[in-house]
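Architecture at a glance
Here are the chains, one letter per residue:
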2 protein chains.
Amino acid sequence: MKDRPLPAEFELIERFFAPLAKDYPGALALADDGALIELDPGHRLVVTTDVLVAGVHFPAADPPESIARKLLRVNLSDLAAMGAEPLAYLLALALAKDTPSSWLEGFVRGLGTDYAEFAIPLVGGDTVATTGPMTLTLTALGKVAEGSALMRSAAKAGDAIFVSGCIGDGALGLMALEGRAGELAAAHRDYVIDRYRLPRPRLALGQRLVGLAHGVIDVSDGLIADLGHICQTSRLGAKIEGASLPLSDAARAALADDPGLLATLVTGGDDYELLFTIAPEARGSVGEISHDLGLALTPIGSMCEGSGVTIVDGIGLEDVLEASGYRHF
Amino acid sequence: MKDRPLPAEFELIERFFAPLAKDYPGALALADDGALIELDPGHRLVVTTDVLVAGVHFPAADPPESIARKLLRVNLSDLAAMGAEPLAYLLALALAKDTPSSWLEGFVRGLGTDYAEFAIPLVGGDTVATTGPMTLTLTALGKVAEGSALMRSAAKAGDAIFVSGCIGDGALGLMALEGRAGELAAAHRDYVIDRYRLPRPRLALGQRLVGLAHGVIDVSDGLIADLGHICQTSRLGAKIEGASLPLSDAARAALADDPGLLATLVTGGDDYELLFTIAPEARGSVGEISHDLGLALTPIGSMCEGSGVTIVDGIGLEDVLEASGYRHF
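Residues numbered from 1 in each chain as written. Chains lettered and ligands numbered in written order. Predicted model: local features only at pLDDT ≥ 70, side-chain atom pairs only at ≥ 80, totals over all residues.

1. Here we look at the overall build of chain A
Note the cut-off: Elements are defined by DSSP. Helices are runs of H or I of four residues or more, strands are runs of E of two residues or more, and each kind is numbered from the N terminus. Atoms counted for the radius of gyration: C-alpha only. Globule rule: 2.2 Å times the number of residues to the power 0.38. Residue pairs qualify as contacts under a 7 Å threshold applied to their C-beta atoms, which are placed from the backbone.
Assigned secondary structure in chain A consists of 11 helices and 11 strands. Relative to its length of 329 residues, chain A is compact, with a C-alpha radius of gyration of 21 Å against a globular reference of 20 Å. Of all intrachain contacts in chain A linking residues separated by at least 6 positions in sequence, the fraction that spans at least 24 positions is 87%.

Laid out in structure tokens, this is it:
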């Protein structure tokens, strides 16, 4: 079957995008100048936007399904870090003129899969031609009860620091895709590539942390940098225990081969886990949430007076970071 | 003075963008994972997004001030067409790595000028590097009282069709910038270039049309195409009188030189005027609004049963469009 170039805007909306909007009347079938969003009384709207550029934020040859889902999920991860529930999203796509229809079909199929998973409709957008790399912008809207939003700036000295899931798999996945991950076993390789391509926005966790957590951020720039953001906005320091960092079997295997990789795992980003601080006496609640969600929540250190992130133990993380020239802390 | 490349993200926000957010507490100083927006009870949020690509939607050499203001204003024009009041906006910028700081200073200065004019704060964004042309995405948020939003789809057969301001100056401005506008007098040339670079979003008009107008759209794709969108979503046809189209002195002068230009004026787009339909007996109210706002509102035809846009008179518009190969109607 011969692949065809993209149709004109009206057909593009009708054929590709309208199905992603059909259950949301306020989307006005993507046929008006804007969309209408209803917000429950006593709530605040949460808005966030992220751009992904081919060749910078994802390999251009990645499957369009996973590019679409990553674009949506990195934004959902921001909503999760605010304790918000997803409401709707807008899509702004700059695509090459000769983008084949099959590519856009895959892209829309990916969004459809996540529509089923996260119940978040498309409500608006714009599609334009570019002579440069594909540039994809998504703006996500969510809601949170008034006074309940989680913030980076609310950490307190003495708080325990937790992180969800495992750290470093996203960075390792990108290395594997680029042929820089050494001798990973096939199962480990598949696992980390999947973690890179398909973030798991921790929406349920974010909502459970409302009223419990103090400082919260999603780990997108790398564990150390994002903990640095909590420190900076909360005007505090943080101490983390290198040996306590949660690593997957794949990451442990890679580290056994190359201990220097540790620096990449904690600075590489693309984890999309939640990093949060809580009063030490609230640790029990974290255990309950972890159990309810079936999601590891690992204590990795504590907030303190001062500034910046300090590493306080002996798996050599501090040395490795110094050797790598890392300067964020 | 030597120009410097852009600083890292944190400094970028602090130095360039935070001042555009400082009066809006929900922006969280652009330092969190998202922003918090309050919506008055009994209102709907209106959201819209537009992408501008350098070399496609604006000449890359245009002044950064006017690029910024155009980006904001094309989105405000969409809010105007919904009858909405502006609330806030998000900015997603893909810029070349070596973009000089002075360019971004100009860009932010432009946004600052329009912040003063439209009182619309920046509440979030993302800035990334691209190897391709500058790609600028803006998402605008507005509000409208429940049940009051203006829509393309609400035109009725028999409605009078009006358009604000003049048609074709934007298209003529682009031609002048590209050296394709023939022998325009200097004052006319300056006038049309300004109209191209700096749309006037008709926000006050949009708000006055709430409860009065039926079908409403902003003219961005060209008068004929956008009237076609009203026809399509309202399942009606439209008849327009070619001789009634409101043209500026500059456009009349250009037409006197080259009558074939008429096709460009009505199909070229970039007008950002409002096109709306009202019950014929409401014409008096339109006169009042025009007087109050000091803005020409010109009747150009009427809606009818059927489909598509028909041109019913004799300045040769239909022939000119046919000769130009235009197929939208």
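2. What to know about helix α5 (residues 186–197) of chain B
All names here are of chain B. How we decide: In a helix, the anticipated span is given by 1.5 Å times the number of residues less one. Neighbour counting defines burial: a residue surrounded by 20 or more other C-beta atoms within 10 Å of its own C-beta is buried, one with 12 or fewer is exposed, and intermediate counts give partly exposed, using backbone-placed C-beta atoms.
Its 12 residues place the ends of α5 16 Å apart at the C-alpha level, agreeing with the 16 Å of an ideal helix rising 1.5 Å per residue. Restricting attention to buried positions, one finds in α5 the residues H188, Y191, V192, I193, R195, Y196 and R197. Elements that come into contact with the buried residues of α5 comprise α2 (64–81), α4 (169–177) and α8 (249–257).

3. Details of the domain arrangement of chain A
For interface size, the figure often reported is the accessible area lost on association. Residues and elements named next belong to chain A. Spelled out, the test is: What fixes the domain bounds is an automatic or database domain assignment.
Taken domain by domain, chain A consists of domain 1 (9–145) and domain 2 (152–323). Computed from C-alpha atoms alone, the centre-to-centre distance between domain 1 and domain 2 is 27 Å. Domain 1 puts 18 residues into the contact, and the matching count from domain 2 is 18 residues. Per element, the largest residue contribution to the side of domain 1 that touches domain 2 is 11 residues, and it comes from helix α2 (residues 64–81).

4. Details of the sheet that holds strand β4 (residues 122–129) of chain A
Definition in use: For two strands to pair, DSSP has to find at least two bridges joining them. Orientation is described by axes fitted as lines to C-alpha atoms, over the contacting stretch for helices, and by angles from 0 to 180 degrees between their N-to-C directions.
Read across the open sheet, the five strands follow the order β4(A)-β3(A)-β5(A)-β2(A)-β1(B); overall the sheet is mixed. Strands at the two margins of the open sheet, each flanked by one partner only, are β4 of chain A together with β1 (35–37) of chain B. On average, each strand axis in the sheet is inclined to that of its neighbour by 20°, with strand direction left out of account. Sheet analysis places strand β2 (residues 43–53) of chain A next to strand β5 (residues 135–145) of chain A, joined by 11 bridges and oriented antiparallel. Across the sheet, residue V46(A) finds its bridge partner in β5(A), namely G142(A). Where α2(A) meets the sheet, its contacts fall on β2, β3 (85–95) and β5 of chain A, and the angle it forms with β5(A) comes to roughly 30°.

5. Some remarks on the interface of chain B and chain A
In plain terms, the rule: Each residue gets one label: Ala, Val, Leu, Ile, Met, Phe, Trp, Tyr, Cys and Pro are nonpolar, Asp, Glu, Lys and Arg are charged, and the others, such as Gly, are polar.
On the side of chain A, 49 residues touch chain B, which itself brings 49 residues to the contact. Residue assignment for the side of chain B that touches chain A shows that the elements contributing at least two residues are β1, β2 (43–53), α2, β3 (85–96), β4 (122–130), β5 (135–145) and β7 (216–218) of chain B. Counting residues per element, the side of chain B that touches chain A draws most heavily on β2(B), which supplies nine residues. Per-class residue counts for the side of chain B that touches chain A are 27 nonpolar, 13 polar and nine charged. Bridge count between strand β1 (residues 35–37) of chain A and β2(B): three bridges; the pairing is antiparallel. Each bridged residue has a counterpart across the sheet, and for I37(A) the counterpart in β2(B) is L45(B).

6. Considerations on the packing of helix α4 (residues 169–177) of chain A against helix α5 (residues 186–197) of chain A
Residue and element names in this part refer to chain A. Put simply, the rule reads: Roughly parallel refers to an angle under 35 degrees, roughly antiparallel to one over 145, roughly perpendicular to one between 65 and 115, and oblique to any angle outside these ranges.
One can describe the packing of α4 onto α5 by two numbers: an axis separation of 7 Å at closest approach and a directional angle of 110°. When the axes of α4 and α5 are compared, the pair comes out roughly perpendicular. Facing α4, whose interface residues are D169, G170, L172, G173, L174, A176 and L177, α5 presents R189, V192, I193, R195, Y196 and R197. Looking at side-chain class alone, the contact of α4 with α5 contains seven nonpolar, two polar and four charged residues.

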